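Analysis of the macromolecular model
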Amino acid sequence: MSDLKSVSGLKPALEAVLMVVDEPADEEGLARVLDRAPEEVAEALAELAGEYTAQGRGFELRQVAGGWRFYSRPEHAHAVEAYVLDGRQARLTRAALETLAVVAYRQPVSRSRVSAVRGVNCDGVMRTLLQRGLVEETGAEPETGAILYRTTNYFLERMGLRGLDELPEPAPFLPEAAAVEPDSLEGVPSFDPDAPGREDDDDKTEV
């Protein structure tokens, strides 16, 4: 514990803890576990992140979804994919990506509202997003009792966002000729920037 109290002992301790976390760890929690001031932990984390970048390491310490976690660097994604995926790719359907976008921009939102925005029933797609841990239940509508849904911290992590306020504005993603009815179908961006338009729900889109 004496080494942990020293300045030199804080960074290795942070590295050791961050090596075993399965989701981003916040500064307050790390400070509590290591018995250090949050300001000290925040400074040490920022220094570690800078050191890894300066050294050209294959991993980085990134602040995302309200906490800190180790990630492999994007420029080495091909090597990670070759080893971890072994030729297999996790995919979501185009319908799932569109539904996820609606939840992200309209949350908290009910299934019926999501279906109205997309113009098709989304019950099956919502079950998929729940199973993937990308959305979760968050109470119910007072008027109807319908279950409301929101995106999860895992969604923020996968998107590389610190919070929902970093979501891009919807307008740039909308087609110029799109007519949007304010009380019926609403244009929302797709998380697939290369998509030319809506396709069948069975068409696969990589995430």
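Preceding this section is the structure that the text describes.
We now turn to the structure provided with this report. Keep in mind the model is a prediction, meaning the values are calculated, not measured.

The subject of this paragraph is helix 6 (residues 94-106). If you check helix 6, its first and last C-alpha atoms are 18 Å apart, about what 13 residues at 1.5 Å a residue would give, namely 18 Å. With 11 of 13 residues buried, helix 6 lies mostly within the body of the structure.

Another point: the pairing of strand 1 (residues 59-64). Of the strand pairs in this sheet, strand 1 and strand 2 (residues 67-72) are connected by six bridges, and their pairing is antiparallel. When the bridges of strand 2 are listed, R62 appears paired with R69. Hairpin connection between strand 1 and strand 2: a loop of two residues separates the two successive antiparallel strands, and A65 in this loop has a positive phi of roughly 55 degrees.

A few words on the side chain of Q107. Among the secondary structure elements, Q107 is positioned in the loop between helix 6 and strand 4 (109-110). At 3.0 Å, the side chain of Q107 forms a polar contact with the backbone oxygen of A104. Within the structure, Q107 has its side chain in polar contact with the side chain of T151 (distance 2.9 Å). When residues no more than four places from it in sequence are discounted, the contact partners of Q107 are V102, Y149, R150, T151 and L164.

Once that is clear, we can look at the sheet that holds strand 5 (residues 135-140). With antiparallel pairing, the three strands of this open sheet are ordered in space as 4-6-5. Only two strands of the sheet have a single neighbouring strand rather than two, namely strand 4 and strand 5. Strand direction decides the pairing type here: strand 5 and strand 6 (residues 147-151), joined by four bridges, are antiparallel. Among the inter-strand pairings, E136 is bridged to a residue of strand 6, identified as R150.

In this section: the packing of aromatic side chains. In total, this model carries three aromatic pairs according to the counting rule given. Centroid distance F59 to F70: 5.5 Å. Interplanar angle 90 degrees. Geometry classified as edge-to-face. With F59 in strand 1 and F70 in strand 2, this pair connects stretches of sequence that are 11 residues apart. Look at F59 and you get partly exposed, because its relative accessible area is 29%. Residue classification places F70 among the buried residues on the basis of a relative accessible area of 18%. Here a set of aromatic residues connected by ring pairs shows up, and it is made of Y52, F59 and F70. For the cation-ring pair, R62 lies above Y71, with the distance from its terminal atom to the ring centre recorded as 4.2 Å.

Another point: the nonpolar core. If you look at the biggest cluster of nonpolar residues, it comprises 25 residues, and the most contacted ones within it are L129 and F155. Secondary structure elements with two or more residues in this core: helix 6, helix 7 (111-118), helix 8 (123-131) and helix 9 (153-159). Here this core gets seven residues from one element, more than from any other, and that element is helix 6.

The next point concerns the packing of helix 6 against helix 7. Running from N to C, helix 6 and helix 7 point in directions that differ by 115 degrees, and their axes come no closer than 10 Å. In this structure, helix 6 meets helix 7 at a crossing whose hand is right-handed. Residues A95, E98, T99, V102, V103 and R106 of helix 6 lie in contact with helix 7, whose contacting residues are R113, V114, V117 and R118. A class-by-class count of the residues in the contact of helix 6 with helix 7 yields five nonpolar, one polar and four charged.

Before going further, it helps to spend a moment on the pattern of salt bridges. A complete count under the given rule lists eight salt bridges for this structure. Between E60 and R62 there is a salt bridge whose closest N-O contact spans 2.8 Å. Take R62: its relative accessible area is 24%, and that puts it in the partly exposed class. Among the charged side chains, a network of salt bridges with common partners joins K11, E47 and E51.

About the criteria used
Residues numbered from 1 in each chain as written. Predicted model: local features only at pLDDT ≥ 70, side-chain atom pairs only at ≥ 80, totals over all residues. Heavy atoms only, no water. Helix = DSSP H or I, 4+ residues; strand = E, 2+ residues; numbered from the N terminus. Expected span 1.5 Å × (residues − 1). Buried < 20%, exposed > 50% of the residue type's maximum accessible area, 1.4 Å probe, protein only. Pairing = 2+ DSSP bridges. Polar contact = N/O pair within 3.5 Å; in protein donor to acceptor, adjacent residues only side chain to side chain. Contact = heavy atoms within 4.5 Å. Phe/Tyr/Trp six-rings, centres within 6.5 Å; stacked < 30°, edge-to-face > 60°. Lys NZ or Arg CZ within 6 Å of the ring centre and 35° of its normal. Core = buried A, V, L, I, M, F, W, Y, C linked by side-chain atoms within 4.5 Å. Axes fitted to C-alpha atoms, helices over the stretch in contact; angles between N-to-C directions. Left-handed = near helix turned anticlockwise from the far one by under 90°. Nonpolar A, V, L, I, M, F, W, Y, C, P; charged D, E, K, R; others polar. Salt bridge = Lys/Arg side-chain N within 4 Å of Asp/Glu carboxyl O.

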